[in-house]
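# Per-entry structural report
Spelled out from the first residue to the last, the chains are:
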Amino acid sequence: MSEFKPLDPTACGLFLVAAISFPLALGCLTEEHGAPAELFMLLGALIGLVALLAYRAESNFGFTVFLLVGAAVFATGYGLGGWGNIGFAVLFLMTIAWSLIIKTPKLLTAILCTTTLIFLIVGLGAIADMDLNMVLGIVALLNGIFCLYLGFGLVSEGKVKVF
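### Thoughts on a nonpolar patch on the surface
On the surface, Leu42, Leu46, Leu49, Leu52 and Leu53 cluster together into a nonpolar patch covering about 440 Å² of accessible area. On the secondary structure map, Leu46 appears in helix H2 (residues 37–56). According to the relative accessible area criterion, Leu46 is partly exposed, its value standing at 32%.

### A short note on the layout of surface pockets
One water molecule sets the probe size; rolling that probe over the atoms shows where empty space is left. Estimates place the volume of the largest pocket at around 490 Å³. Along the walls of the largest pocket sit 28 residues, with Leu24, Phe40, Thr76, Val122 and Leu136 positioned nearest its centre. Secondary-structure elements contributing two or more residues to the lining of the largest pocket are helix H1 (10–29), helix H3 (60–78), helix H4 (82–102), helix H5 (106–128) and helix H6 (133–155). The element best represented in the lining of the largest pocket is H5, accounting for 7 residues.

### With respect to the environment of Gly123
The residue Gly123 is located in helix H5 in this model. Using a relative accessible area of 0% as the deciding quantity, one classes Gly123 as buried. Residues Gly123 and Asn85, 38 residues apart in the sequence, show an inter-C-alpha distance of 4.7 Å.

### Observations regarding the nonpolar core
Counting residues in each nonpolar core, the largest one holds 37 residues, and the members touching the most others are Leu24, Ile47, Val69, Phe92, Ile118 and Phe119. Breaking this core down by element, the ones donating at least two residues are H1, H2, H3, H4, H5 and H6. Per-element tally for this core: the top contributor is H1, with 8 residues. Ignoring sequence-local partners within four residues, the contact set of Phe92 consists of Leu68, Val69, Ala72, Thr115, Thr116 and Phe119.

### Comments concerning the packing of aromatic side chains
In the structure shown here, the tally under the stated rule is 8 aromatic pairs. With centroids separated by 5.0 Å and ring planes inclined at 80 degrees, the aromatic side chains of Phe61 and Trp98 adopt a geometry described as edge-to-face. Placement of Phe61 in helix H3 and of Trp98 in helix H4 is noted, with a sequence separation of 37 residues between them. Classification of Phe61 as buried rests on a relative accessible area of 12%. Aromatic pair Tyr149 and Phe163: ring centres 5.8 Å apart, planes at 50 degrees, arrangement tilted. Placement of Tyr149 in helix H6 and of Phe163 in the segment after H6 is noted, with a sequence separation of 14 residues between them. Classification of Tyr149 as partly exposed rests on a relative accessible area of 33%. One aromatic cluster is present, built from ring pairs that chain together Phe88, Phe92 and Phe119.

Thresholds, definitions, all that
Residues numbered from 1 in each chain as written. Predicted model: local features only at pLDDT ≥ 70, side-chain atom pairs only at ≥ 80, totals over all residues. Heavy atoms only, no water. Patch = residues over 30% accessible without salt bridge, like charges linked within 9 Å, V, L, I, M, F, W, Y side chains within 5 Å. Areas by Shrake-Rupley, 256 points an atom, 1.4 Å probe, with all protein chains shown as cover. Salt bridge = Lys/Arg side-chain N within 4 Å of Asp/Glu carboxyl O. Helix = DSSP H or I, 4+ residues; strand = E, 2+ residues; numbered from the N terminus. Buried < 20%, exposed > 50% of the residue type's maximum accessible area, 1.4 Å probe, protein only. 1 Å grid on protein atoms, 1.4 Å probe; cavity = no way out; pocket = protein on both sides within 12 Å on 5 of 7 lines; lining within 4 Å. Points joined across faces, edges and corners; volume = space filled by probe spheres on them. Core = buried A, V, L, I, M, F, W, Y, C linked by side-chain atoms within 4.5 Å. Contact = heavy atoms within 4.5 Å. Phe/Tyr/Trp six-rings, centres within 6.5 Å; stacked < 30°, edge-to-face > 60°.

This is the structure:
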């Protein structure tokens, strides 16, 4: 009987985060207000599925972070609101600390920083009734680029350097 070793779903999760980050960024930067709510809800649910796969692969960090990201993205599509965004930003701050403690790749910590900033910017913009679309677009674009790069680094089996 062979042993079953679940695959690490991190790259898939990163690609899904990039898939929502790019429409958000482009919508904010072009004043078109990005992706429809249904896309946020669909990708949020898929990121939540990645969290379950991370759990199956015995990745506590991956499970927790992807479940938080999936919930936050889904809730955004559902109409999270300013204080909800701030709440998720605070939770993502905790994941940054955890990332530093367990010494994940620096780029993963950077992704957690941009993710935190996205939710903080959206929350502050809603609460203070400010137009922060340009800043949000730039941060979301960076988030998407970072996720894409790290995802490719993970699937390339060492051919693309992960830092």
